[in-house]
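Residues per chain are reported as follows:
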Amino acid sequence: MSRSDNRIYLSAPSVSESDVNAVTSALRSGWLAPVGPDLASFESEVCSFLDVPYGVALSSGTAALHLGLKYLGVQPGDYVIVPTLTFAATAFAVTYLEAIPFFVDVEAHSWNLSAELVGQAIDQLRRDGKRVGAVVAVDLYGTPCDYRSLLDICASRDVPVLEDAAEGLGAISELGMVGSFGRAGVISFNGNKIITTSGGGMLVTNDVEMANRVRYWATQSREAHPWYEHLEVGYNYRMSNILAALGRSQLGGISDEVLRRRGIRAEYHAQLSGVLGLGVLQDPPWGKSNAWLTVIQIDPAIHCNGPDQIRTALESANIESRPIWKPMHTQPVFSSHDSLLTGVAATAYSRGLCLPSGGGVSNAEITRICALIESAIEG
Ligand SMILES: *Cc1c(COP(=O)(O)O)cnc(C)c1O
């Protein structure tokens, strides 16, 4: 099933007849909201997919980041290390706790947090008398971080890691599934992620106490009494049972969706590999991406036309593409924030473009897109 316009979207969700049936039978069951049998089943199915014991289904990945950081004890005025190359929600969640995002640059293989720079940033902040509350590691575009190095460096400095795996469900690293690292992992089921509940998220963790606290906060911190008793401020962050039913059905298709998206990225790579000064981002040595989005890079030393000219040319053909995330240290909302930069993220931003990557993109469409890209960079 797809939209009836002829536009090729960046990351159109794959929706099947079984998704439709899952939602209608959840409706027919009478379990609309807030809880119901699909919610607990969705949690346990995501947990077994990731091989992590506890999961809490929430209204968004952003909500999971917020409550995850809260549980880790992030205090007002604390610094939280965030990669500068990410979607803004990673940094916004830090500010919900009145903590301060500190932006650290990424390494060139995966465009994820550089472990070495994270170590330097923690040491530098501590020398300046600051408290470092947590590190949030992002698996950008579904590519795993180098967790062997990153977890080591954070453990040796006793700083907890929260994994923002919002883009990474279905990806795998040498150490395990993406989403299973750090004190907790955050998954997003937003509309254009690899699987979707239209909007939703999950926090997954090995820590039963963390799962229980997050579930409690997410349901308005309601105590177990017949009346509404509250000892703490709560949040309305729980996922609804209907969306969990959709999530269960979507999860059933994730392995196929990952294979399709990896196949799409391989096809772009095959068709564009002959073009000098143009590369398709590949997996790092330590893991395999879910290929949520295929990203190309254009070398400005070889082509005077870059991502913007390609994006405009594709748009004229009714094809959606998107600049990579604009680094957080360049965002007006964070203009007063400190950072530790090497220039990798800024260079990536000036050269990168995300191409249509949804499981429904056909080889014929990829051929059309690649032809448009080649003519656009030639100018
Ligand atoms: C999508 C995304 C989020 C937020 O998830 P929502 O479910 O949209 O709230 C957080 N971090 C990253 C890296 C994302 O891509």
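Refer to the preceding data block for the structure.
Residues numbered from 1 in each chain as written. Predicted model: local features only at pLDDT ≥ 70, side-chain atom pairs only at ≥ 80, totals over all residues. Heavy atoms only, no water.

Undergrad: Outline the overall build of the protein chain, listing residues and values.
TA: Helices and strands together make up the secondary structure of the protein chain, namely 12 helices and 15 strands. Radius of gyration (C-alpha) of the protein chain: 21 Å, near the 21 Å computed for a compact globule of 379 residues. Projecting the C-alpha coordinates of the protein chain onto the three principal axes gives extents of approximately 70 × 60 × 35 Å. Counting the 379 residues in the protein chain, one finds 53% classified as buried. In the protein chain, the proportion of contacts linking residues at least 24 apart, taken out of those at least 6 apart, comes to 71%. (Helix = DSSP H or I, 4+ residues; strand = E, 2+ residues; numbered from the N terminus. Rg over C-alpha atoms; globule rule 2.2 N^0.38 Å. Buried < 20%, exposed > 50% of the residue type's maximum accessible area, 1.4 Å probe, protein only. Contact = heavy atoms within 4.5 Å.)

Undergrad: Report on the pattern of salt bridges, specifying residues and quantitative values.
TA: Taken as a whole and assessed by the stated rule, the structure comprises 13 salt bridges. One salt bridge connects R238 with E43, and the closest N-O pair in it is separated by 2.7 Å. Here R238, found in the loop between α7 (208-218) and α8 (241-252), pairs with E43, found in helix α2 (residues 37-50); they are 195 residues apart in sequence, far enough to count as distant. Taking relative accessible area as the criterion, R238 reaches 14% and is therefore assigned buried. Residue E43 is classed as buried on the basis of its relative accessible area of 8%. Residues R261 and E257 are paired through a salt bridge, measuring 2.7 Å at the closest nitrogen-oxygen approach. With R261 and E257 both in helix α9 (residues 254-272), this residue pair falls 4 residues apart, about one helical turn. Comparing R261 with E257, the two get one shared label, buried. Each member of the salt-bridge network shares a partner with another, and the members are D38, E45 and R248. (Salt bridge = Lys/Arg side-chain N within 4 Å of Asp/Glu carboxyl O.)

Undergrad: Got a sec to walk through the layout of surface pockets? Specific residues and values, please.
TA: Taken as a whole, the second largest pocket encloses approximately 230 Å³ of empty space. Lining the second largest pocket are 19 residues, and of these F87, A89, A166, S188 and K193 sit closest to its centre. Elements that contribute at least two residues to the lining of the second largest pocket include exactly α3 (61-71), α4 (89-96) and β8 (184-188). Per element, the largest residue contribution to the lining of the second largest pocket is 3 residues, and it comes from α3. (1 Å grid on protein atoms, 1.4 Å probe; cavity = no way out; pocket = protein on both sides within 12 Å on 5 of 7 lines; lining within 4 Å. Points joined across faces, edges and corners; volume = space filled by probe spheres on them.)

Undergrad: Tell me what's going on with the environment of N190, and back it up with residues and numbers.
TA: Assignment of secondary structure puts N190 in the loop between β8 and β9 (201-205). With relative accessibility at 38%, the residue N190 sits in the partly exposed group. C-alpha of N190 to C-alpha of G73: the two residues are 117 residues apart in sequence and 27 Å apart in space. When near neighbours in sequence (up to four residues on either side) are disregarded, N190 contacts I195, T196, S198, G199 and G200.

Undergrad: Explain empty space enclosed by the protein residue by residue, including any values.
TA: Summed over all chains, the structure comprises 1 cavity of 30 Å³ or more. There is about 50 Å³ of room inside the largest cavity. Forming the walls of the largest cavity are Y141, T143, R265, L281, Q282, S289, L293, T294 and V295. Grouping the constituent residues of the lining of the largest cavity by class yields 4 nonpolar, 4 polar and 1 charged. (Nonpolar A, V, L, I, M, F, W, Y, C, P; charged D, E, K, R; others polar.)

Undergrad: Could you give an account of the side chain of R238, with specific residues and numbers?
TA: Among the polar contacts made by the side chain of R238, one reaches the side chain of E43 at a distance of 2.7 Å. Not counting the four nearest positions on each side in its chain, R238 is found in contact with L39, E43, V56, A57, L58, S59, R215, A218 and T219. (Polar contact = N/O pair within 3.5 Å; in protein donor to acceptor, adjacent residues only side chain to side chain.)

Undergrad: Talk me through helix α5 (residues 115-127); I want residue IDs and the actual numbers.
TA: The first and last C-alpha atoms of α5 sit 18 Å apart over 13 residues, in line with the 18 Å expected at 1.5 Å per residue. Inspection of α5 places A115, L117, V118, G119, A121, I122 and L125 among the buried residues, and these make up the whole buried set. Packing partners of the buried residues in α5 comprise β2 (79-83), β3 (100-104), β4 (132-138), α6 (147-156) and β14 (339-340). Phi for G129, located one or two positions after α5, is positive at around 80 degrees. (Expected span 1.5 Å × (residues − 1).)

Undergrad: How would you summarise the site of the ligand if you had to cite specific residues and measurements?
TA: Contacts to the ligand come from 16 residues, most closely from G61, T62, E167, S188 and K193. Contacts to the ligand include T62, whose side-chain N or O atom sits 2.5 Å from an oxygen atom. Measuring from an oxygen atom of the ligand, one finds a side-chain N or O atom of S188 at 2.7 Å. Its free accessible area being 380 Å², the ligand has 94% of it covered by the protein chains. Judged by the proximity of its atoms to the pocket grid, the ligand belongs to the second largest pocket. (Near = heavy atom within 4 Å. Areas by Shrake-Rupley, 256 points an atom, 1.4 Å probe, with all protein chains shown as cover. Sits in = over half its atoms within 2 Å of the grid points.)

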